[in-house]
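Report on the structure
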Amino acid sequence: YFLCFSSGRSSSKRSGLHWFFCFIGVSMVQLSQNDTKSTVTSDVEQNPLLGLVAVLLSCCSSGFAGVYFEKLLKGSDISLWMRNIHLAGYGIIVGLFGVYFNDGDVVAEKGFLYGYNGWVWWVVMMQAFGGLLVAVVVKYADNILKGFCNLPRYYCILRG
């Protein structure tokens, strides 16, 4: 629905009903798994309602980000490669702040690439290639197809 809102396209009522019933079904399954408000599993307190809200917020922010990224790529005169460099710059800045605040002492003592082996480099290269592939798909197709392109990548990461 972010796509409809940002591009001015319309969606059918039938499509909206499908999403609504999907939401209701997932909510019922999530909330009916336990009658109590919170459960304790393996020494960790869980709250199904809080989990449902977290998943819904994650889906909404991911949908908005995907549509905004598509609009950014398609509605700009800047090339795809320059746009990737711009977006990577923000990611690098945020990532370096995170490394500094979380592991600054270890990085200062042992170096930034300490602990990297062949498998780590393989994952880094796979993520980089996957990100470029997703950018090309979004530029020349749409955000929905991007989701389908991400599925094999996530499968390989989780299986790897």
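Relevant structure appears above.
Keep in mind the model is a prediction, meaning the values are calculated, not measured.

1. Some thoughts on helix α5 (residues 118–140)
When the terminal C-alpha atoms of α5 are compared, their 33 Å separation across 23 residues agrees well with the 33 Å that a helix rising 1.5 Å per residue should span. For α5, the side-chain oxygen to backbone nitrogen distance between the N-cap and W119 is 3.1 Å, and the N-cap itself is N117.

2. Some thoughts on the packing of helix α4 (residues 80–110) against α5
Packing of α4 against α5 brings their axes to within 11 Å, and their N-to-C directions diverge by 130°. Taken as axis vectors, α4 and α5 run oblique relative to one another. Considering how the two elements wind past one another, α4 and α5 form a crossing that is right-handed. Contact residues: α4 offers L80, W81 and N84, while α5 offers L132, A135, V136 and K139.

3. Thoughts on helix α3 (residues 48–74)
Spanning 27 residues, α3 covers 39 Å between terminal C-alpha atoms, matching the ideal 39 Å at 1.5 Å per step. Residues of α3 that are buried include every one of P48, L52, G66, V67, F69, E70 and L73, and no others.

What counts as what
- Residues numbered from 1 in each chain as written.
- Predicted model: local features only at pLDDT ≥ 70, side-chain atom pairs only at ≥ 80, totals over all residues.
- Heavy atoms only, no water.
- Helix = DSSP H or I, 4+ residues; strand = E, 2+ residues; numbered from the N terminus.
- Expected span 1.5 Å × (residues − 1).
- Polar contact = N/O pair within 3.5 Å; in protein donor to acceptor, adjacent residues only side chain to side chain.
- Axes fitted to C-alpha atoms, helices over the stretch in contact; angles between N-to-C directions.
- Parallel < 35°, antiparallel > 145°, perpendicular 65-115°, else oblique.
- Left-handed = near helix turned anticlockwise from the far one by under 90°.
- Contact = heavy atoms within 4.5 Å.
- Buried < 20%, exposed > 50% of the residue type's maximum accessible area, 1.4 Å probe, protein only.

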